[in-house]
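# Structure assessment
Listed here are the chains, written in short residue letters.
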Amino acid sequence: MTTTAIEPKWHTTNEVAAMLGFGLSKTKMLVLTGEIRSVKVGRNRRILPAWVDEYVQRVTSGVEGWAA
């Protein structure tokens, strides 16, 4: 018998907050302002993994040459 791991197709706002290391209220604000794309499914917001990647790419695109 073979077991297959099922990868999540989308994330909750809470999961995205944990992934990005942000608070839930900051993540919800990013979703409400459209900085992180989302869809509404019933009463819940869902975010595709690609949309999280888009946000990270957009935020980090201007800081390539910076050193701490």
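Throughout this description, residue numbers start from 1 for each chain and increase along the sequence as written. Only residues with pLDDT of 70 or above have their local features reported here, since the model is predicted, and side-chain atom pairs are shown and tallied only from 80 upward, although totals for entire chains, interfaces and linings are computed over all residues. The side-chain values count all of the structure's non-hydrogen atoms but skip hydrogen atoms and water molecules.

## Quick look at the overall build of the protein
- Scanning the protein from terminus to terminus reveals 3 helices and 2 strands.
- Each helix is a run of H or I in the DSSP string that is no shorter than four residues. Each strand is a run of E no shorter than two, and both are numbered from the N terminus. Traced from its N-terminal end to its C-terminal end, the protein shows the element sequence α-α-β-β-α.
- As defined in this context, the radius of gyration uses C-alpha atoms, and a globule is described by 2.2 Å times the residue total to the power 0.38. For the protein, whose C-alpha radius of gyration is 14 Å, the value lies well above the compact-globule estimate of 11 Å for 68 residues.
- Viewed in the frame of its principal axes, the protein has a C-alpha envelope of about 50 × 35 × 15 Å.
- Burial classes: relative accessible area under 20% of the type maximum marks a residue as buried, over 50% as exposed, and values in between as partly exposed (1.4 Å probe, protein chains only). When each of the 68 residues of the protein is scored for burial, the buried share is 18%.
- By the convention used here, residues are in contact when the closest approach between their heavy atoms is within 4.5 Å. Across the protein, every contact between residues at least 6 apart in sequence was considered, and the portion connecting residues at least 24 apart equals 45%.
- Summing over all exposed atoms, the protein offers an accessible surface of approximately 5400 Å²; the carbon and sulfur share of this is 57%.
- Under this rule, positive means Lys or Arg and negative means Asp or Glu; His and the chain ends count for nothing. Here the site of a charge means atom NZ of a Lys, CZ of an Arg, CG of an Asp or CD of a Glu. Of the side-chain charges in the protein, 9 are positive and 6 negative, and the distance between the mean point of each set is 12 Å. Residue burial considers only the protein chains on display, and all accessible areas are found by Shrake-Rupley using a 1.4 Å probe.

## Some points on the pattern of salt bridges
- Any Lys or Arg side-chain nitrogen found within 4 Å of a carboxyl oxygen on Asp or Glu counts as a salt bridge. Applying the stated criterion across every chain yields a total of 1 salt bridge.
- Between Arg 37 and Glu 54 there is a salt bridge, and its shortest N-O distance comes to 3.5 Å. Linking Arg 37 in the loop between helix H2 (24-32) and strand S1 (39-41) with Glu 54 in helix H3 (residues 49-60), this pair joins segments that are 17 residues apart in sequence.
- Take Arg 37: its relative accessible area is 42%, and that puts it in the partly exposed class.

## So, the packing of helix H1 (residues 13-20) against H3
- Where H1 contacts H3, the two axes come as close as 12 Å, and the packing angle between them is 40°. In this view, H1 runs oblique relative to H3, as classed from their interaxial angle. Crossing geometry of H1 relative to H3 is assigned as right-handed. Together, Val 16, Met 19 and Leu 20 of H1 and Val 52, Tyr 55 and Val 56 of H3 make up the contact between the two elements. Note on geometry: axes are C-alpha line fits, over the in-contact stretch for helices, and angles between N-to-C directions span 0 to 180 degrees. Each angle gets one of four labels, with under 35 degrees taken as roughly parallel, over 145 as roughly antiparallel, 65 to 115 as roughly perpendicular, and the rest as oblique. The sense of a crossing depends on the near helix, which, turned anticlockwise from the far helix by less than a right angle, makes the crossing left-handed and, turned clockwise, makes it right-handed.

## With respect to the nonpolar core
- Counting residues in each nonpolar core, the largest one holds 8 residues, listed as Val 16, Leu 30, Val 31, Ile 36, Ile 47, Trp 51, Val 52 and Tyr 55.
- Every element with two or more residues in this core is listed here: H2 and H3.
- With 3 residues, the top contributor of residues to this core is H3.
- If near-sequence neighbours (up to four positions away) are discounted, Ile 47 is found in contact with Trp 10, His 11, Thr 13, Val 16, Val 31, Ile 36, Arg 37, Ser 38 and Val 52. Within this scheme, the nonpolar core is defined by two criteria: the residues are buried Ala, Val, Leu, Ile, Met, Phe, Trp, Tyr or Cys, and they are joined through side-chain atoms within 4.5 Å.

## A look at the packing of aromatic side chains
- Stacked, tilted and edge-to-face are the three classes applied to pairs of Phe, Tyr and Trp rings, where Trp contributes its six-membered ring and a pair requires centres within 6.5 Å; stacked means planes under 30 degrees apart, edge-to-face means over 60, and tilted covers the rest. Tallied over the entire structure, the rule returns 0 aromatic pairs.
- Above the face of the Phe 22 ring, Lys 26 is positioned so that its terminal group lies 5.2 Å from the ring centre. We call a charge positioned over a ring when the NZ of a Lys or the CZ of an Arg lies within 6 Å of the ring centre and within 35 degrees of the ring normal.

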